[in-house]
Amino acid sequence: MPITLNNELLQAIARHSEEAYPSECCGIMLGEDEGEQRRVFALLPQTNQSAADEQYHRFLITPEMMLAADKQARAQQLDVIGFYHSHPEDEARPSNFDREYAWPWYSYIVVRVRDRNYDKMASWRLDDDRSHFDEEDIHII
Ligand SMILES: [Zn+2]
């Protein structure tokens, strides 16, 4: 099942990834899931809450940030449908650490940044048994 976002949102994720470099950036994606397709309508960029010396390979969104995001989503009649974060000088796929902290159903966009420049992004969903992520297509409109 693909995830759809417009080019403006894609550029915003890319810019956030470059600005945060060499740390990981992170954000929450609001949108709609209609079973056969899901679409991102808004981004809530977050401040990475992991320890300063861990931010080059970790990101943390606190439960309080999740609650606030949920509230904002409902106010816009949207849902939290996923998260994005960057991997400075690393691959556009979730790490083992990411898997331990991820939940099934949500889309996880991972952005590869090289030399402070956006390189590529890919979207992933955790399997229900939490053993692995499957890649999902990103449709840019
Ligand atoms: Zn990661």
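Anything mentioned here points back to the structure above.
Quantities reported herein were computed from a predicted structural model and do not represent experimental measurements.

*Asks:* Would you mind showing me how to read the overall build of the protein chain here?
*Replies:* Within the protein chain, the regular secondary structure consists of 3 helices and 8 strands. Walking the protein chain from its N terminus toward its C terminus, one meets helices and strands in the order β-α-β-β-α-β-α-β-β-β-β. For 141 residues, the compact-globule estimate of 2.2 N^0.38 gives 14 Å, and the C-alpha radius of gyration of the protein chain, at 14 Å, lies within 12% of that figure. Dimensions along the principal axes, computed over C-alpha positions, put the protein chain at roughly 40 × 35 × 30 Å. Out of the 141 residues belonging to the protein chain, those deemed buried represent 30%.

*Asks:* Any chance you could explain the sheet that holds strand β1 (residues 3-5) here in plain terms?
*Replies:* Consider a sheet: its strands pair through backbone hydrogen bonds, and that pairing is either parallel or antiparallel. Pairing is mixed across the open sheet formed by 8 strands, whose spatial order is β7-β6-β5-β4-β2-β3-β1-β8. Each having just a single partner strand, β7 (133-136) and β8 (138-140) make up the two edges of the open sheet. Strand-to-strand twist across the sheet, computed as the mean angle between neighbouring axes with direction ignored, equals 35°. With 6 bridges joining them, strand β2 (residues 26-33) and strand β4 (residues 79-88) adopt antiparallel strand pairing. Bridging across to β4, I28 finds its partner in F83. The sheet contacts of helix α1 (residues 7-20) involve β1, β2, β3 (38-46), β4, β5 (107-114), β6 (117-126) and β8, and relative to β5 the element is tilted by about 55°. Against the sheet, helix α2 (residues 63-75) engages β2, β3 and β4, with an angle of about 130° to β4.

*Asks:* Help me understand the pairing of β7 in this model?
*Replies:* By the bridge criterion, 4 bridges tie β6 to β7 in an arrangement that is antiparallel. Across the sheet, residue W124 finds its bridge partner in β7, namely E135. Taking the residues that link successive antiparallel strands as the turn, the β6-β7 hairpin has 6 residues, and the phi of R130 there is positive, at about 65°.

*Asks:* Please clarify how the nonpolar core should be interpreted in this entry.
*Replies:* For soluble globular proteins, the rule of thumb is that nonpolar side chains tend to be buried together. Membership of the largest hydrophobic core comes to 25 residues, with the highest contact counts inside it found for C26, M29, V40, F83, Y84, I109 and V111. For this core, the secondary structure elements donating two or more residues are β1, α1, β2, β4, β5 and β6. In terms of residue count, β5 provides more of this core than any other element does, 5 residues in total. Apart from the residues within four sequence positions on either side, C26 is in contact with Q46, N48, F59, I61, F83, Y84 and H85.

*Asks:* How should I be thinking about unusual backbone geometry in this particular structure?
*Replies:* Both trends apply: most residues other than glycine have a negative phi, and most peptide bonds are in trans. In this structure, the amide linkage connecting Y21 to the following residue, P22, adopts the cis form with an omega of 5°. In this structure, P22 sits in the loop between α1 and β2. One non-glycine residue with positive phi stands out, namely D115, at about 50°. The topology assignment puts D115 in the loop between β5 and β6. The class of D115 is exposed, set by 10 C-beta atoms lying within 10 Å. Even without a glycine there, the phi angle at R130 is positive, about 65°. Mapped onto the elements of the fold, R130 is located in the loop between β6 and β7. On the neighbour-count criterion, R130 (12 C-beta atoms within 10 Å) is exposed.

*Asks:* Help me understand α2, please; the structure alone is not making it clear to me.
*Replies:* For the α-helix, the turn length of 3.6 residues means that residues three or four positions removed from each other point alike. Here α2 contains 13 residues, and its C-alpha end-to-end distance of 18 Å stays within 8% of the 18 Å for a straight helix at 1.5 Å per residue. Backbone geometry just downstream of α2 places Q77 in the positive-phi region, at approximately 55°.

*Asks:* I'm lost on the pairing of β4 in this one. Help?
*Replies:* Side chains on a regular strand alternate between the two faces of the sheet. Summarising burial for β4: 8 of the 10 residues are buried, a large majority. Where the polypeptide runs from β4 across helix α3 (residues 96-101) and back to β5, its parallel neighbour, the crossover connection is right-handed.

The rules behind each value
Residues numbered from 1 in each chain as written. Predicted model: local features only at pLDDT ≥ 70, side-chain atom pairs only at ≥ 80, totals over all residues. Helix = DSSP H or I, 4+ residues; strand = E, 2+ residues; numbered from the N terminus. Rg over C-alpha atoms; globule rule 2.2 N^0.38 Å. Buried ≥ 20, exposed ≤ 12 C-beta atoms within 10 Å, placed from the backbone. Pairing = 2+ DSSP bridges. Axes fitted to C-alpha atoms, helices over the stretch in contact; angles between N-to-C directions. Contact = placed C-beta atoms within 7 Å. Core = buried A, V, L, I, M, F, W, Y, C linked by C-beta atoms within 7 Å. Expected span 1.5 Å × (residues − 1). Right-handed = clockwise from strand over helix to strand, strands pointing away.

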